[in-house]
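Inside the fold
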Amino acid sequence: MAILPYVTATGNIEKALRGIKAAATPESVSQDFVKTILGIKGGSGNQMTAYLKKIGFATADGTPTDLYKKFRNSATEGWAAAQPIKTGYAPLYVRNEYMHKLSDDDVKGLIVEETGAEQDSNVVPLVIACIKQLKKFAKWDVTPLEEKPEKPITQTLPSNAPSQQSPTVPPSPQRLGLNLGYTINLNLPATSDPAVFNAIFRALKEHLLKASNE
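Below: a short report on this structure. Not measured: the values here are computed from a predicted model.

Here we come to the overall build of the protein. Assigned secondary structure in the protein consists of 9 helices and 0 strands. Each helix and strand of the protein, ordered N terminal to C terminal, gives the series α-α-α-α-α-α-α-α-α. Out of the 214 residues belonging to the protein, those deemed buried represent 31%. For the protein, long-range pairs separated by at least 24 residues make up 60% of all intrachain contacts whose partners lie at least 6 apart in sequence.

In this section: the packing of aromatic side chains. Scanning the entire structure with this criterion turns up 3 aromatic pairs. Pairing Phe 71 with Phe 137 gives two aromatic rings, centres 5.9 Å apart and planes at 70 degrees, and the pair type is edge-to-face. Pair noted here: Phe 71 is in helix α4 (residues 66–72) and Phe 137 is in the loop between α8 (123–135) and α9 (194–213), with a separation of 66 residues, a long-range link. Each of the two residues, Phe 71 as well as Phe 137, counts as buried. Ring-pair connections join several aromatic residues into one group, and the members of that group are Phe 57, Tyr 68, Phe 71 and Phe 137. In this structure, Lys 21 is placed above the aromatic ring of Phe 71, and the distance from its NZ or CZ to the ring centre is 5.4 Å.

What follows is about the pattern of salt bridges. Scanning the entire structure with this criterion turns up 6 salt bridges. We note a salt bridge from Lys 21 to Glu 77, for which the minimum N-O separation is 3.2 Å. Pair noted here: Lys 21 is in helix α1 (residues 11–22) and Glu 77 is in helix α5 (residues 77–88), with a separation of 56 residues, a long-range link. According to the relative accessible area criterion, Lys 21 is partly exposed, its value standing at 26%. Residue Glu 77 is classed as buried on the basis of its relative accessible area of 19%. Of the charged contacts in the structure, one is a salt bridge between Lys 132 and Asp 104, with a shortest N-O distance of 3.0 Å. Here Asp 104 lies in helix α7 (residues 104–115) and Lys 132 lies in helix α8, a separation of 28 residues in the sequence. If you follow the salt bridges from partner to partner, you end up with Glu 14, Arg 18 and Lys 136 in one network.

On to α5. Between the first and last C-alpha of α5 there are 17 Å, a value that for 12 residues agrees with the 16 Å anticipated at 1.5 Å per step. Along α5, the positions that sit buried rather than exposed are Glu 77, Gly 78, Trp 79, Ala 80, Ala 81, Ala 82, Gln 83, Pro 84, Ile 85 and Gly 88. In this structure, the buried side of α5 is in contact with α1, α3 (42–54), α4, α6 (90–95) and α8.

Here we come to the environment of Glu 97. In this structure, Glu 97 sits in the loop between α6 and α7. By relative accessible area, Glu 97 is classed as exposed at 57%. Along the sequence, Glu 97 and Lys 86 sit 11 residues apart, while their C-alpha atoms lie 9.3 Å from each other.

Rules used in this analysis
Residues numbered from 1 in each chain as written. Predicted model: local features only at pLDDT ≥ 70, side-chain atom pairs only at ≥ 80, totals over all residues. Heavy atoms only, no water. Helix = DSSP H or I, 4+ residues; strand = E, 2+ residues; numbered from the N terminus. Buried < 20%, exposed > 50% of the residue type's maximum accessible area, 1.4 Å probe, protein only. Contact = heavy atoms within 4.5 Å. Phe/Tyr/Trp six-rings, centres within 6.5 Å; stacked < 30°, edge-to-face > 60°. Lys NZ or Arg CZ within 6 Å of the ring centre and 35° of its normal. Salt bridge = Lys/Arg side-chain N within 4 Å of Asp/Glu carboxyl O. Expected span 1.5 Å × (residues − 1).

Dropping the structure here:
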């Protein structure tokens, strides 16, 4: 059977939550913090210190949780106040997922069913009263703000800016040459022997034309 969290002075829940919003986040949600800063004295302060841990506002060693910090943020206050009801009284949600919408009588039935308490038990109305104190701050139709990833910085060149192009490799220098034209006049001997002409043109090719091509 489940043991549901509660305090005997249920009005101190609202006092504690308002004090949490007003005060700076402490290093530890200790009894000294609850009694001195939140102003809940004596045994009620001890109960409240334990209660804040049970509903998820502080870890076992008293360190404030992210839920504690989100409750102090006005943008996420309503969402953060709804979570302790869902976590601290999770067994009741197993029996009815819309427990927070039920009437006091229906919630009482769930508590009796879950804890096995007697119908006239003093604990049952205290649990109901604690839930109602949390519901004063809770909102059910909101979601926590998620941190958005930063957009990568992009640089856009203005329309009149010169576009970046790949570097152009300058053409390799070409070898410069000197072309000369000349006319050769040959006085051929009066002969009909082809061997004479072949010898003349062979000599011309070897000595003149070859030198011009180098």
